[in-house]
Each structure stands twice: as C-alpha cells, then as structure tokens.
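# Observations on the three-dimensional arrangement
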2 protein chains.
Amino acid sequence: MAKVNVEDLVRDHILRGVFKPSTPLKMEELKERFDVGYSPIREALSRLAGEGLVLAEANKGFRVRPLNRADLYDIAVARCAVEKEALRRSMIEGDDGWESEIVAAMHTYRKKAAAAFDSAETLAAWELSHDRLHTALIAACGSPRLLDLQQRLQEQHMRYRRLIVIPNVRADAHEDEHERLAAVVLERRLDEAVAMIERHMMITVDALDAAGYWTAGPEPET
Amino acid sequence: MAKVNVEDLVRDHILRGVFKPSTPLKMEELKERFDVGYSPIREALSRLAGEGLVLAEANKGFRVRPLNRADLYDIAVARCAVEKEALRRSMIEGDDGWESEIVAAMHTYRKKAAAAFDSAETLAAWELSHDRLHTALIAACGSPRLLDLQQRLQEQHMRYRRLIVIPNVRADAHEDEHERLAAVVLERRLDEAVAMIERHMMITVDALDAAGYWTAGPEPET
DNA sequence: ATGCAACAGATTATCGAAAATATTTTACCT
DNA sequence: AGGTAAAATATTTTCGATAATCTGTTGCAT
C-alpha cells in the first residue's frame, strides 16, 4: 500500500466532512480504518489539535472540533490580523513574478467560479482556486509564519464555508469581490486593498447569520 | 512523583536553554531523563514542532529549533500582525477592568525592571512581568486565537531576547518604551499606540544587529 | 587513492499487549 | 422509586519489544 501520512488523512476526512463536527475520534476505529497502530494516530491527532481542527481532552480522547458562531467569528478576526499585515507587506515587496501569479490565479479562479455549481467536484475546485488566489495575493509578504498561519486559518474556515453555498459567485464577474480586490492589489492601492480584505473576511460570518444558521437548531456549544 | 506534563517539561528546558538550539533530542535520553516511555515523548515533541520550538525531520528525529536572524525577524513580523490587530481591538473594546489590569501589570513591571540585574532569578522575573504586560495590553481584544498566537510568539521570541541583555531598562522609568506605550494605550490614542507597538517589535532584532551577533560566529543556517 | 557495495551499529518509528482511567451496568439498601 | 456502591465493560494512554531506517565503516575492485 502507498505510504500515506495519517495526519493528512485525518485532516482530509475532517475537512471533507467525513468526520463530522463533535464526532469522537475513537482509537480503535481509526486504527482499523487507516490500518496503523496507536502511536501514529495519537501523534497525528495531537498535531491536529494544535492546529485547531481537533479537540483533545485528557483521558477522554479526541473529537472533531465543533462549529459555532463565536469560533467562526474568531477565525475571521485572526485572518483579518494575518492577511491585512501580509497583504500590506506583499503589496510593498511584490515584484513582477508576484503580479503574474496573481493574474494567473485570478484567471483560474474565474474559470472555476463559472463552473462552480455543476457538480460537487467543480465546487471543490472552485474552493481550491479561491484559497489559491488569496494565497497568491500575500505570497510576496516574505514571512513564512504569516503564510503558514493563513494556510491553517483557511483550512479552519473551509469547514464553515461549506455549511452554505456562499451566494458570492455572480454571473457578472465584476460583481465578484475578488475581481475588485485583485485589481486594487495590482494597482498597489494599499489602504483600499487592506480595507477591502478586512471586510472580505466577514463574508461567511454574515452569510451564515443572514441565513439564520445559528438560530435554526439548538446551538451545540461544547 | 508529581504528575507532570512532558510537553511543558521539554518546553521549559528549551526556553531555559537547558536544551540548546540545534541540539538533537534523542529518544533514549529524554526517556531516561523524564522517566517516561516513547509515546508521550513523541507526542510532546510533535506538538512542540507544531508550536515552532522544535524541528522534526522524518526518520531523523527531533532537534531544538536553531536560532538565526531570518527567523527572529519573522517572529517580529508575525508578532507585528498579531499584536497590532489585537491591540487595536483591545483599545476599542477594553473596559475599566482591562485598564486596571494594565496599571497593575505596569506597576509590577516597573518593580521587576528596577531589580532586573540583581540575579538570574530577578532577570527571569522581569522577563515574565514584561510578557505579562504585553498580554495585559491586548487582553480585551476578545479573540482567543490572537491571544494564543501572542503567547506562542512570545515564547519563541524569549529564546532570542535571552541572547543579549537588552539595554532597554533605564534608571529613569520614562525612558522605557513600555511606560510611554502603556500611557498611550490607556489614553486610547489608537494610531499612536499601534505605531509604537510596530516599532517595539523590532527592538530585539535591532539590538542583536547592533551587537553584531550574527556576524560574530559563522551563522548556522540549518 | 577513489568509488562503491555490503555489512554493522545506532537511532527512529511502529506495533500490540498491558496499565490506567472513564463509563455503564448491576445489586443493594433506605 | 431513588440513590449509592461495587462490579463489569469500554476506552484511552503508556510501555517496551520489534521493525524500519539511517549512518558510518570495512573491504574490494578499479
């Protein structure tokens, strides 16, 4: 069998929703499913706990981190801190290569967005191109830590974004916030870009609020 | 024997410099020293790797993360992103309780700073009060993630700060940047405070540069 | 001498049994 | 019935033996 990494495997399962929020991650079950011993599983879960996708309670094992509004809002706040600073630095330092990567990412994003609702696969492809675009924007920031933080926060955000089909993809491309954001970034209008990304971070929070998502069912806090 | 957590134990050893930068963390040795089996050690080291204090290489084990200028600078950049945003939110949301905590932290800091150079213990106490002050400033930001990130970045920063005795404690308290920073924060002069903390983040970078620290010996990059 | 392959020693990574801890069930008393 | 204690079961967590991998060394051919 191909050599696969348990951490990535579990992460994928969580992000794809195979392991649902709050689900206990039983040792026996994971051992069976991935065909590995206890040690690699515990190690992987420990790391994922540090990453924020998994919750660990002493002597009670691990479970998939639950979703709630407060946590989503917090992700947005943290992303705000990271992406604002990273974008600022990126727009100051970014060279021609950086610009062209943005143009390329934007092109892909447009294509994937157009076909987003054709199937589950094209939807996933759209999501991927979306995250890639955001990464491209800050790619020139020069800070490994900011890039890594963005990556992790994007992952955590993804689980929430998938709760609803975000009504953010318009037939008219110019209606899409990303079009305008990318344009402003490439024109190096720094303050405008930072302000835009700050608002942009709140889209999923607002969308779920507008849909009444958190009021519908009884909210599971734990 | 008291029930202790291996992760905290190893973290302390790294931060206190018992385990020096780049030192391989051998399983056998740690097993012996802490009197535990392999599993808890690997788990702890995995988490510490995610935290950034330890480096993990597949099939080559773990070692204490090395120190170099680029990494210190990156810590400063990340702290900049986190503390600027957190301070901003804290200054907007902070109530009377928050203010009084700052006054208290500042008082302690002043006392510890005055006695900082008496002994190794008082120096450590000063460091602790310093980090506590910074935490107090952003305590009202309302974001668990930003608070957690600050904590982790402070830890990572600590190893660098200890490389030199930072000539930042003046007999005249008003010369200390922290005095002015705390004052500006309490007066809610937002833009000034954010600008100050941004500069403040670079103190250790500049101090080590000024001391020629990185040019002295041959820099170990790996 | 130099390069390379096979061997030997050291170290990490994994496994599954055993110990520790939590949870559920049962039995008993008021 | 309601509540508590003890036993039984389920689950996590740790341990040390074993397997896998890396590193350095020897011996041999060029």
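Calculation rules
- Residues numbered from 1 in each chain as written.
- Chains lettered and ligands numbered in written order.
- Predicted model: local features only at pLDDT ≥ 70, side-chain atom pairs only at ≥ 80, totals over all residues.
- Heavy atoms only, no water.
- Phe/Tyr/Trp six-rings, centres within 6.5 Å; stacked < 30°, edge-to-face > 60°.
- Lys NZ or Arg CZ within 6 Å of the ring centre and 35° of its normal.
- Domains from an automatic or database assignment.
- Contact = heavy atoms within 4.5 Å.
- Buried area = accessible area lost by both parts, 1.4 Å probe.
- Near = heavy atom within 4 Å.
- Polar contact = N/O pair within 3.5 Å; in protein donor to acceptor, adjacent residues only side chain to side chain.
- Helix = DSSP H or I, 4+ residues; strand = E, 2+ residues; numbered from the N terminus.
- Nonpolar A, V, L, I, M, F, W, Y, C, P; charged D, E, K, R; others polar.
- Salt bridge = Lys/Arg side-chain N within 4 Å of Asp/Glu carboxyl O.
- 1 Å grid on protein atoms, 1.4 Å probe; cavity = no way out; pocket = protein on both sides within 12 Å on 5 of 7 lines; lining within 4 Å.
- Points joined across faces, edges and corners; volume = space filled by probe spheres on them.
- Buried < 20%, exposed > 50% of the residue type's maximum accessible area, 1.4 Å probe, protein only.
- Patch = residues over 30% accessible without salt bridge, like charges linked within 9 Å, V, L, I, M, F, W, Y side chains within 5 Å.
- Areas by Shrake-Rupley, 256 points an atom, 1.4 Å probe, with all protein chains shown as cover.
- Lys, Arg positive; Asp, Glu negative; His and termini not counted.
- Charge placed at Lys NZ, Arg CZ, Asp CG, Glu CD.

## Things to note about the packing of aromatic side chains
Residue and element names in this part refer to chain A. Counted under the stated rule, the structure contains six aromatic pairs over all chains. Ring geometry for Phe 117 against Trp 126: centres 6.4 Å apart, planes inclined by 50 degrees, an arrangement best described as tilted. Judged by centre distance (5.0 Å) and plane angle (85 degrees), the ring pair of Tyr 213 and Trp 214 falls under edge-to-face. Site record: aromatic cluster; members linked through ring pairs are Tyr 160, Tyr 213 and Trp 214. A cation sits over an aromatic face here: Lys 31 above Tyr 38, 5.3 Å from the ring centre.

## Side note on the domain arrangement of chain A
All names here are of chain A. Domain parsing of chain A yields domain 1 (6-64) and domain 2 (69-214). Of note, the centres of domain 1 and domain 2, computed from C-alpha atoms alone, are 28 Å apart. Listed as interface residues are ten residues of domain 1 and, on the opposing side, six residues of domain 2. Regarding the contact of domain 1 and domain 2, the summed buried area is about 690 Å², with carbon and sulfur atoms giving 51% of it. Counting the surface domain 1 buries against domain 2, the share from its top three residues, Leu 15, Glu 51 and Leu 53, is 69%.

## Here's the deal with the protein's contact with DNA strand D
Around DNA strand D lies a shell of 18 residues, among which A:Arg42, A:Asn59, B:Gly37, B:Ser39 and B:Lys60 are the nearest. In the environment of DNA strand D, a phosphate oxygen lies 3.2 Å from a nitrogen or oxygen atom belonging to the backbone of A:Met27. B:Lys60 is positioned with one of its side-chain polar atoms (N or O) 3.2 Å from a phosphate oxygen of DNA strand D. Listing elements by their share of the surface near DNA strand D, those giving two or more residues are helix H3 (38-51) of chain A together with helix H3 (38-51) of chain B. No other element matches H3(B), which puts three residues into the surface near DNA strand D. The class makeup of the residues in the surface near DNA strand D is seven nonpolar, five polar and six charged.

## Overview of the interface of chain B and chain A
The partner chain A presents 27 residues to the 27 residues of chain B that form the contact. Carbon and sulfur atoms supply 45% of the area buried between chain B and chain A, which totals about 2200 Å² over both sides. The interface formed by chain B and chain A contains ten salt bridges. For B:Arg145, the salt bridge identified is with A:Asp74, shortest N-O distance 3.1 Å. Where the side of chain B that touches chain A is concerned, the elements lending two or more residues are H3, helix H4 (69-93) and helix H7 (144-161) of chain B. For the side of chain B that touches chain A, the element with the highest residue contribution is H4(B), accounting for twelve residues. Partitioned by chemical class, the residues of the side of chain B that touches chain A number ten nonpolar, four polar and 13 charged.

## A look at the layout of surface pockets
In this structure, the largest pocket spans a volume of roughly 1300 Å³. Together, 44 residues line the largest pocket, and A:Arg152, B:Gly50, B:Glu51, B:Gly52 and B:Arg152 are the ones closest to its centre. Put simply, the parts of the chain that give the lining of the largest pocket at least two residues each are H3, strand E2 (54-57) and helix H7 (144-161) of chain A together with H3, strand E2 (54-57), H4 and H7 of chain B. When grouped by side-chain class, the residues that make up the lining of the largest pocket number 18 nonpolar, nine polar and 17 charged.

## Digging into the pattern of salt bridges
Summed over the entire model, instances satisfying the criterion amount to 50 salt bridges over all chains. With a closest N to O distance of 3.4 Å, A:Glu155 and A:Arg11 form a salt bridge. On the criterion of sequence distance, the pair formed by A:Glu155 in helix H7 and A:Arg11 in helix H1 (residues 6-15) is long-range, its members being 144 residues apart. With respect to burial, A:Glu155 and A:Arg11 carry one shared label: buried. We note a salt bridge from B:Lys84 to A:Glu85, for which the minimum N-O separation is 2.7 Å. Placement of B:Lys84 in helix H4 and of A:Glu85 in helix H4 (residues 69-93) is noted, with the two residues assigned to different chains. Judged by its relative accessible area of 14%, B:Lys84 falls in the buried class. Among the residues examined, A:Glu85 registers a relative accessible area of 4% and is labelled buried. Look at the salt bridges and you will find they share partners, linking A:Glu7, A:Asp8, A:Arg11, A:Glu43, A:Arg47, A:Glu51, A:Glu155 and B:Arg42 into a network.

## A closer look at a negative patch on the surface
All names here are of chain A. On the surface, Glu 28, Glu 29, Glu 32 and Asp 35 cluster together into a patch of negative charge. Assignment of secondary structure puts Asp 35 in the loop between helix H2 (27-34) and H3. Taking the relative accessible area as the measure of exposure, Asp 35 reaches 60% and is therefore exposed.

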